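Commentary on secondary and tertiary structure
Spelled out from the first residue to the last, the chains are:
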Amino acid sequence: MELGPGETLEDVVKESQQLEEEIFLNQIREFYADELEKNKELYDFVARYTDNFRNFDADIIREEPNVVKILRYLVKPPISQMKFGQFNGVGSTGNYEKENPSSPAKATAAEMADFMEQNMDERKVPWLYRDVDVEEWIDVSRDWTCDIIAQSEAKTRYRNWRKDVQEDKVAEAMKDAGLRRVSRSSTISDMDDLPAGTFVSETKVACPGDDQKADFVARPARDEILFLEAKAVGVKIDSYKRIKEIRNKESDWRDGFPNARVGAAVAGWIPESQIETLLGDDIDVFWEHRLDSLQDYLRSLM
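Right, let's walk through the structure included here. (Residues numbered from 1 in each chain as written. Predicted model: local features only at pLDDT ≥ 70, side-chain atom pairs only at ≥ 80, totals over all residues. Heavy atoms only, no water.)

1. Remarks on the packing of helix H7 (residues 239-256) against helix H8 (residues 272-280)
In the contact formed by H7 and H8, the axes pass within 10 Å of each other and the chain directions differ by 5°. Relative to H8, the element H7 is oriented roughly parallel. Residues Ser239, Tyr240, Ile243, Ile246 and Arg247 of H7 touch H8, and the partners they reach there are Gln274, Thr277 and Leu278. Considering only residue class, the contact of H7 with H8 consists of 4 nonpolar, 3 polar and 1 charged. (Axes fitted to C-alpha atoms, helices over the stretch in contact; angles between N-to-C directions. Helix = DSSP H or I, 4+ residues; strand = E, 2+ residues; numbered from the N terminus. Parallel < 35°, antiparallel > 145°, perpendicular 65-115°, else oblique. Contact = heavy atoms within 4.5 Å. Nonpolar A, V, L, I, M, F, W, Y, C, P; charged D, E, K, R; others polar.)

The following block contains the structure:
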């Protein structure tokens, strides 16, 4: 791991943490706002169709399966896709909540409608349980319900987006170093499984015992192979688990490929002590915001 003149590991750690916070706040707000508006539209659709949730039937669920998400969050307390599906005879409601959803069978949709009539949160739809004016409460209900959904969906979107962003940056750095990206579906069990001058992402590596997945495998030269894991850590306490995962993989990879190089592309809330642990295990560390060091490293091996 390279440091600038007069720079310390602590300096780089703090810099990465600050950048991670900026990335998180900017992107999660965008995801949250998008999910909030999208689910408000869905809530309004269900409310119109059911006379403000008074009359559920299977038809609305089959016509617009995405309404299942609203229904799950109107239960007290909100329940997961798997739990809601289990209550209604299916493994999960995930297929009904996708961008291009499948439609539940009529019997399943009818079970969902019956379940909702019996298990709605009276605080979110008080006009069904008390003599109150629905017009005074419907906006409160919508904002409350859709806020909870938006928080959950934004976190999931961010987590997937953050992983993709980091892996895209690593891939670009490898290509800028002169490596060519290739595709591979089978497990790498020998260095010659990957042509010199290439790299592959998300692939399995043969190890004694169980195979281990690698985020990236690069072969910059005929006699060099690099296994690299990418980790962006948003919460400090999670870093210990993530670093342990890298170290466990390093041990397995080197059991199968004793002369392999192992690296970690890292970002976010990783304590200095955990970076030192990686370095002590002969794992090369590359900071996501300084991936020119990865390019230089790969070029030095060619």
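2. Points about the packing of aromatic side chains
Taken as a whole and assessed by the stated rule, the structure comprises 12 aromatic pairs. Between phenylalanine 53 and phenylalanine 56, the aromatic rings sit 6.2 Å apart at their centres with planes inclined by 45°, giving tilted as the arrangement. Both residues of the pair, phenylalanine 53 and phenylalanine 56, count as buried. Members of the aromatic cluster, connected to one another through ring pairs, are Phe24, Phe31, Tyr158 and Trp161. Positioned over the ring face of tryptophan 144 is lysine 124, at 5.5 Å from the centre of the ring. (Phe/Tyr/Trp six-rings, centres within 6.5 Å; stacked < 30°, edge-to-face > 60°. Buried < 20%, exposed > 50% of the residue type's maximum accessible area, 1.4 Å probe, protein only. Lys NZ or Arg CZ within 6 Å of the ring centre and 35° of its normal.)

3. Observations regarding a negative patch on the surface
A surface patch of negative charge is lined by Asp57, Asp59, Glu63, Glu111, Asp114 and Glu117. Those elements giving two or more residues to the negative patch turn out to be helix H2 (58-63) and helix H5 (106-119). Looking at which element gives the most residues to the negative patch, the answer is H5, with 3 residues. (Patch = residues over 30% accessible without salt bridge, like charges linked within 9 Å, V, L, I, M, F, W, Y side chains within 5 Å. Areas by Shrake-Rupley, 256 points an atom, 1.4 Å probe, with all protein chains shown as cover. Salt bridge = Lys/Arg side-chain N within 4 Å of Asp/Glu carboxyl O. Lys, Arg positive; Asp, Glu negative; His and termini not counted. Charge placed at Lys NZ, Arg CZ, Asp CG, Glu CD.)

4. Thoughts on the nonpolar core
Among soluble globular proteins, nonpolar side chains are generally buried collectively. Core analysis: the biggest nonpolar cluster contains 33 residues, and Tyr43, Phe53, Phe56, Ile61, Phe84, Met116 and Trp127 have the highest contact counts within it. At the level of secondary structure, the elements contributing two or more residues to this core comprise helix H1 (9-49), H2, helix H3 (67-74), H5 and helix H6 (134-176). Ranked by residue count, the leading element in this core is H3, at 6 residues. (Core = buried A, V, L, I, M, F, W, Y, C linked by side-chain atoms within 4.5 Å.)

5. Here we look at the pairing of strand E2 (residues 198-205)
With 6 of 8 residues buried, E2 is to be regarded as a mostly interior element. Sheet analysis places strand E1 (residues 180-181) next to E2, joined by 2 bridges and oriented parallel. Of the residues in E2, the one forming a bridge with arginine 180 is threonine 198. Of the strand pairs in this sheet, E2 and strand E3 (residues 212-221) are connected by 7 bridges, and their pairing is antiparallel. For lysine 204, the partnering residue across the bridge sits in E3 and is lysine 213. (Pairing = 2+ DSSP bridges.)

6. Here we look at the pairing of strand E5 (residues 261-268)
Taking burial as the measure, the 8 residues of E5 include 7 buried ones, the bulk of the element. Taken together, the 8 bridges between strand E4 (residues 224-233) and E5 define a ladder with parallel strand orientation. In the strand pairing of E5, leucine 226 is matched with arginine 261. At this point the chain moves from E4, through H7, to the parallel E5, and the crossover so formed is right-handed. Strand direction decides the pairing type here: E5 and strand E6 (residues 283-287), joined by 5 bridges, are parallel. Residue pairing for E6: valine 266 is matched across the bridge by tryptophan 287. (Right-handed = clockwise from strand over helix to strand, strands pointing away.)

Keep in mind that these numbers describe shape and distance, not what the molecule does.
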